[in-house]
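Descriptive structure summary
For reference, the chains in residue letters:
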Amino acid sequence: MSTSAPPSRDAFASTLGAFAATLGSAIGLGNIWKFPYLTGSNGGAAFVLVYLLAVAFVGLPILVVEHTIGRKMRLNAVHAYGTVVPGQKFWAGVGLAGVAAAVLIMAFYTDVAGWVFAYVYKSFAAFLSGSTLDSKTFGALAGGSWEPLLWQAGVLVLTTAIIASGVSKGIEKVTKTLMPALFILLIICDIRALTLPGAGAGVTYLFKPQLSKLSASIVLYALGLAFFKLSLGMGTMTTYGSYLPDDVRIVPNAAKVALADTGVSLLAGLAIFPAVFAFGGKPAGGPGLLFNTIPLIFSKMPLGGLFTMLFFVLTAIATIGAMVSLIEVPVAWIIEKGHMTRRGAAILTGVVMFALGIPATLSQNPLLANVKLFGKSFFDLFDFASSNVLLPLGGLAIAVLGGWFLSRPEFKAEMNKGYATEPWHGRALFGILKFVTPILILLVLLSSLGVIKL
Ligand code: TRP
């Protein structure tokens, strides 16, 4: 495709490619960095339990709506939502809020991705010199100035280059080839962590809920994670839906994506918590948990340095598919507004993301460490405002739109394409979408604002 050609729509070349690319967007730092760190700071298994419920009753139905609207409209998210109900242009707000959310998420996501890429390099250097990474490594990196910024810039350049190369050629190839490698490496990490003496306490921590630990804030974080994990509430999955071939059965495909994604999070948890307990660490280690724990897991085993490096290579791979899908939302919108080539749109978006990323990245630097907005650092604020506010609000609008405002026969026809009659799961899902999903989101949002007490 020549970059100066008028915008034409790419599509995923195959059903497997569509599944892999969707999964490639879902799987990322959310599984390997955020899921373990939120689980650790929210009391373990009780959080996991609420999270699983949130995926089933909120995440999955919204994923289905996004794919359905995307494929039906075959447009970028802003234009898809703006035209999906005739005469109701205001739904475009969902897509526009999504563009804002994408930029906000990328501002801190690329910071963490930068740490991951830095750890690939650092663990390799340590392996070559026969040393190991310790807890000072992370503090020095995250609290630095030029170093984390340069890694972040590097990550953005890489993502921008992939997105500039086009949908099917870029995203699909990268994710399809790299996904299986990720599973295998994660399982190696699990085996190592689970065979450490004292690992059992970590398994209990992850899977045996203490319901007394439940609170409104845990529920809010679990819901936010469900949105973040499945890339929901802001148009990523709508945009990906617009590239889905007609022979993909939307509900089973979405269910498989949700299952596989959740499985990867649990595999990451099974690597991290047994090790945290075996080494007498603290589960509530915050955003540094991953970076401080993984080198420890492997430090006491032969070739440990090499395994540490493999782990961060794996994580780096996972971040790429996710970042590509985030940057694709604003890029698809800019291109289809018709004023820019894919390449120009990608570069513009990358530059804006980097500009916002600077305060997020420097928020652990002494320079900005004491600057707080609403009691939060820039990093925490971007994270909180996107996952726990913008995405659930977007999701609420999408659920209400799908359940109540779209023409039901048209919606169901698109969702159930590939079936001669309406399958049971299509019927069940629509019922959940209409009544359960919006009420759950609304309750959680209202209780986190203190309007009601759960
Ligand atoms: N789901 C990805 C992860 O877990 C992050 C991500 C990619 C995302 N695209 C998104 C989050 C869109 C929210 C919205 O790492």
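Preceding this section is the structure that the text describes.
For clarity, every value in this text was computed on a predicted model and none was experimentally measured.

Quick notes on the rules
Residues numbered from 1 in each chain as written. Predicted model: local features only at pLDDT ≥ 70, side-chain atom pairs only at ≥ 80, totals over all residues. Heavy atoms only, no water. Near = heavy atom within 4 Å. Polar contact = N/O pair within 3.5 Å; in protein donor to acceptor, adjacent residues only side chain to side chain. Areas by Shrake-Rupley, 256 points an atom, 1.4 Å probe, with all protein chains shown as cover. Helix = DSSP H or I, 4+ residues; strand = E, 2+ residues; numbered from the N terminus. Nonpolar A, V, L, I, M, F, W, Y, C, P; charged D, E, K, R; others polar. Phe/Tyr/Trp six-rings, centres within 6.5 Å; stacked < 30°, edge-to-face > 60°. Buried < 20%, exposed > 50% of the residue type's maximum accessible area, 1.4 Å probe, protein only. Lys NZ or Arg CZ within 6 Å of the ring centre and 35° of its normal. Contact = heavy atoms within 4.5 Å. Axes fitted to C-alpha atoms, helices over the stretch in contact; angles between N-to-C directions. Parallel < 35°, antiparallel > 145°, perpendicular 65-115°, else oblique. Expected span 1.5 Å × (residues − 1). Salt bridge = Lys/Arg side-chain N within 4 Å of Asp/Glu carboxyl O. 1 Å grid on protein atoms, 1.4 Å probe; cavity = no way out; pocket = protein on both sides within 12 Å on 5 of 7 lines; lining within 4 Å. Points joined across faces, edges and corners; volume = space filled by probe spheres on them.

1. Regarding the site of the ligand
In the neighbourhood of the ligand, 16 residues make up the surrounding shell, with Ala-26, Gly-30, Tyr-109, Phe-228 and Lys-229 lying closest. A distance of 3.1 Å is found between a nitrogen atom of the ligand and a side-chain nitrogen or oxygen belonging to Ser-325. Across the complex, the protein chains shield 100% of the 360 Å² of accessible surface that the ligand would expose by itself. Listing elements by their share of the shell around the ligand, those giving two or more residues are helix H1 (15-26), helix H2 (29-41), helix H5 (92-129), helix H10 (216-229) and helix H14 (304-337). By residue number, the principal contributor to the shell around the ligand is H14, which donates three residues. Its residues placed into classes, the shell around the ligand shows nine nonpolar, six polar and one charged.

2. Some points on the packing of aromatic side chains
With the rule as written, the count across this model stands at 24 aromatic pairs. Seen in terms of ring centroids, Phe-108 and Phe-228 are 6.4 Å apart; in terms of plane orientation they differ by 20 degrees. Their pairing is stacked. Of this pair, Phe-108 sits in helix H5 while Phe-228 sits in helix H10, placing them 120 residues apart in sequence. Given the relative accessible area of 0%, Phe-108 is considered buried. Accessibility expressed as a relative area gives 9% for Phe-228, which makes it buried. Taking the centre distance of 5.2 Å and the plane angle of 50 degrees together, the rings of Tyr-205 and Phe-277 count as tilted. Of the two residues, Tyr-205 is situated in helix H9 (residues 200-207) and Phe-277 in helix H12 (residues 250-278); the sequence distance between them amounts to 72 residues. Its relative accessible area of 16% is what places Tyr-205 among the buried residues. Here the aromatic residues Trp-33, Tyr-37, Phe-108, Tyr-109, Trp-115, Tyr-119, Phe-138, Phe-228, Phe-291, Phe-311, Phe-312 and Phe-379 are joined through ring pairs into a cluster of three or more. Lying over the aromatic face of Phe-228, Lys-34 brings its terminal NZ or CZ to 4.1 Å of the ring centre. Sitting above the plane of the Tyr-419 ring, Arg-249 keeps its charged end 4.2 Å from the centroid.

3. A look at the side chain of Asn-388
Topologically, Asn-388 is positioned in helix H16 (residues 378-405). Looking at Asn-388, the relative accessible area reads 4%, which means it is buried. Contacts of Asn-388, omitting those with residues within four sequence positions, involve Leu-220, Tyr-221, Gly-224, Asp-383 and Leu-445.

4. Things to note about the packing of H10 against H16
It is at 9 Å that the axes of H10 and H16 come closest, and there the two elements cross at 75 degrees. When the interaxial angle is binned, H10 and H16 end up roughly perpendicular. Two secondary-structure elements touch here, H10 through Leu-220, Tyr-221, Leu-223, Gly-224, Phe-227 and Phe-228 and H16 through Phe-384, Ser-387, Asn-388, Leu-391, Pro-392 and Gly-395. Residue composition of the contact of H10 with H16, by class: eight nonpolar, four polar and no charged.

5. Here we look at helix H7 (residues 146-164)
In this model, H7 (19 residues) spans 26 Å end to end at C-alpha, consistent with the 27 Å of a helix rising 1.5 Å per residue. Regarding H7, the residues found buried are Pro-148, Leu-149, Gln-152, Val-155, Leu-156, Thr-159, Thr-160, Ile-162, Ile-163 and Ala-164. Just downstream of H7, Gly-166 is the residue with a positive phi angle, here 105 degrees.

6. Some remarks on the packing of H5 against H7
In a pair of packed helices, the angle between the axes and the distance between the axes together describe the arrangement. Following both chains from N to C, one finds H5 and H7 inclined at 105 degrees, their axes separated by 8 Å at the closest point. Judged on the interaxial angle alone, H7 and H5 are roughly perpendicular. Packed against H5, whose contacting residues are Met-106, Ala-107, Thr-110, Asp-111, Ala-113, Gly-114, Phe-117, Ala-118, Tyr-121 and Lys-122, the element H7 presents Glu-147, Trp-151, Gln-152, Val-155, Leu-156 and Leu-158 at the interface. Of the residues in the contact of H5 with H7, the class split is ten nonpolar, three polar and three charged.

7. Here's the deal with unusual backbone geometry
At Ser-231, a residue that is not glycine, the phi angle is positive and equals roughly 60 degrees. Checked against the element boundaries, Ser-231 lands in the loop between H10 and helix H11 (236-241). Of the residues examined, Ser-231 reaches a relative accessible area of 10% and is grouped as buried. Not every positive phi belongs to a glycine, and Phe-374 is a case in point at roughly 50 degrees. Here Phe-374 is to be found in the loop between helix H15 (342-361) and H16.

8. Some details on the pattern of salt bridges
Close approach of charged atoms allows side chains of opposite charge to pair. Here the structure, examined in full by the defined rule, presents twelve salt bridges. Across the salt bridge formed by Lys-229 and Asp-261, the nearest N and O atoms sit 3.2 Å from each other. A residue pair is termed long-range when its members are at least 10 positions apart, and Lys-229 in helix H10 and Asp-261 in helix H12 qualify at 32 residues. You'll find Lys-229 and Asp-261 in the same group, each marked buried. Residue Arg-427 is joined to Glu-422 by a salt bridge in which the shortest nitrogen-to-oxygen separation is 3.6 Å. For Arg-427, a relative accessible area of 52% corresponds to the exposed category. With relative accessibility at 27%, the residue Glu-422 sits in the partly exposed group. By sharing partners, the salt bridges in this structure join Arg-71, Arg-74, Asp-246, Glu-414 and Lys-417 into a single network.

9. Concerning empty space enclosed by the protein
For the structure on display, the rule yields three cavities of 30 Å³ or more. Looking at the largest cavity, its volume works out to about 120 Å³. Taken together, 15 residues make up the lining of the largest cavity; nearest its centre are Ser-25, Tyr-109, Phe-228, Ser-231 and Leu-326. If one sorts the elements of the lining of the largest cavity by residue count, H14 sits on top with three residues. Across the lining of the largest cavity, the residue classes break down as nine nonpolar, five polar and one charged. In this structure, the second largest cavity encloses a volume near 60 Å³. Residue lining of the second largest cavity: Ser-123, Ala-126, Ser-131, Thr-132, Leu-133, Pro-295, Phe-298, Ser-299, Gly-304, Gly-305 and Thr-308, and that is the complete set. If you list the elements that add at least two residues to the lining of the second largest cavity, you get H5, helix H13 (289-299) and H14. Among the residues making up the lining of the second largest cavity, the classes are represented as four nonpolar, seven polar and no charged.

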